[in-house]
Amino acid sequence: MKVLIVEDNRALAKNIKEYFGLKSIKADVAFDWIMWMQVILDNHYDVIILDINLPGKDWLTICKELREKEINTPILILTSRNTTTDVVTGLNLWADDYLGKPFDFEELISRIEALNRRNFSNKNSNIIIGNIEINPNKRLVTKGGEEIQLSTIEFDLLKFLAQNKWTPIDRKTLFENVWWDFDSHMLSRTVDVHIGTLRKKIWAEIIETRKWFGYLIK
C-alpha cells in the first residue's frame, strides 16, 4: 500500500511516515496544497491523508478539485477542530473518513487499511470508458459489445490504467503493479511495447503519453 500524507506539521508528518515504514507502508509527504497537487498528479496512491488546516487553500476546495479531476483515491481527513460540522459536510461530498487529533498511530493504520480494502472492492466493478467496458471479475474487455482478446499482461495493464483514469502513471509504477518481478533494465522497453500493442487492439487515442510522467487513460 502506498499513502500520501498532506500535513503542514512537518514533525507529525515525519513521525507518521516513519511509523508507516515500520509497518511496510510506503508513504510520501506534501506540506502544502501546491506541493500536494503536483505530487498527486504525478503518482498513484491507495489512500490520501489530508490535514484539515492546510495553509493557502480550504481543504474542502482541495477535495473538490481532486474529485473533479476524477481522482477517486480514498481521502482520510485529520482534524484538530472541536466542531465536526464541516467534516460531516466533507464526508457527505468528497472525503471518505476522518480522525481527530491527537490520534493513535495504530488506529490511523486501521482506518487507512479499511479504506484501501473498500477501494479495492470498488475497483472490481465494471469500468466503462466510451464504448469500451472492462469486467475485472471475468477478465473480459468489450468494445461496442464485441469482445477484444487480450493477453494476461495486456488486460492487467489496461485495468490498472483504467482504475487510475486521468492520473499519469510512470513506467516503474506500471511495472511494479502489473509485472511484479521488477527488472529496471527491462522496464522502459517492456512497458512501451505492451502499451503499443494495447493501442492497436483497443483504441490508439485512449492511452495518452505524458512526457516525463508516463501514461494515462483519459
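Below you will find a few notes about this structure. (Residues numbered from 1 in each chain as written. Predicted model: local features only at pLDDT ≥ 70, side-chain atom pairs only at ≥ 80, totals over all residues. Heavy atoms only, no water.)

## Quick word on the environment of K101
- As for its placement among the helices and strands, K101 is situated in the loop between β5 (97-100) and α5 (105-123).
- Accessibility expressed as a relative area gives 27% for K101, which makes it partly exposed.
- Taking the C-alpha atoms as reference points, K101 and T79, 22 residues apart in sequence, are found 5.8 Å from one another.
- Those residues in contact with K101 that lie beyond four places of it in its chain are E7, L12, D51, L78, T79 and S80. (Helix = DSSP H or I, 4+ residues; strand = E, 2+ residues; numbered from the N terminus. Buried < 20%, exposed > 50% of the residue type's maximum accessible area, 1.4 Å probe, protein only. Contact = heavy atoms within 4.5 Å.)

## Some thoughts on the sheet that holds strand β9 (residues 146-147)
- Spatially, four strands are ordered β6-β7-β8-β9 in an open sheet, and the strand pairing comes out antiparallel. Looking at which strands have only one partner, the edges of the open sheet turn out to be β6 (127-129) and β9.
- Summarising the sheet, strand β8 (residues 140-143) and β9 pair through two bridges and their orientation is antiparallel. Bridge pairing links K143 to E146 in β9. (Pairing = 2+ DSSP bridges.)

## As for the environment of T142
- Counting through the fold element by element, T142 comes out in strand β8.
- Looking at T142, the relative accessible area reads 15%, which means it is buried.
- C-alpha of T142 to C-alpha of I132: the two residues are ten residues apart in sequence and 5.7 Å apart in space.
- Ignoring anything within four residues of it in the chain, the contact list for T142 reads N131, I132, E133, E147 and I148.

## Let's talk about the pattern of salt bridges
- One pass over the structure, following the stated rule, counts ten salt bridges.
- Salt-bridge contacts for K101 lead to D51; the nearest nitrogen and oxygen are separated by 2.8 Å. Placement of K101 in the loop between β5 and α5 and of D51 in strand β3 (residues 47-51) is noted, with a sequence separation of 50 residues between them.
- Across the pair R111 and D97 runs a salt bridge, and its minimum N-O distance is 3.2 Å. Of this pair, R111 sits in helix α5 while D97 sits in strand β5, and the two are 14 residues apart along the sequence.
- A single network of salt bridges, built from pairs that share partners, joins E7, D51 and K101. (Salt bridge = Lys/Arg side-chain N within 4 Å of Asp/Glu carboxyl O.)

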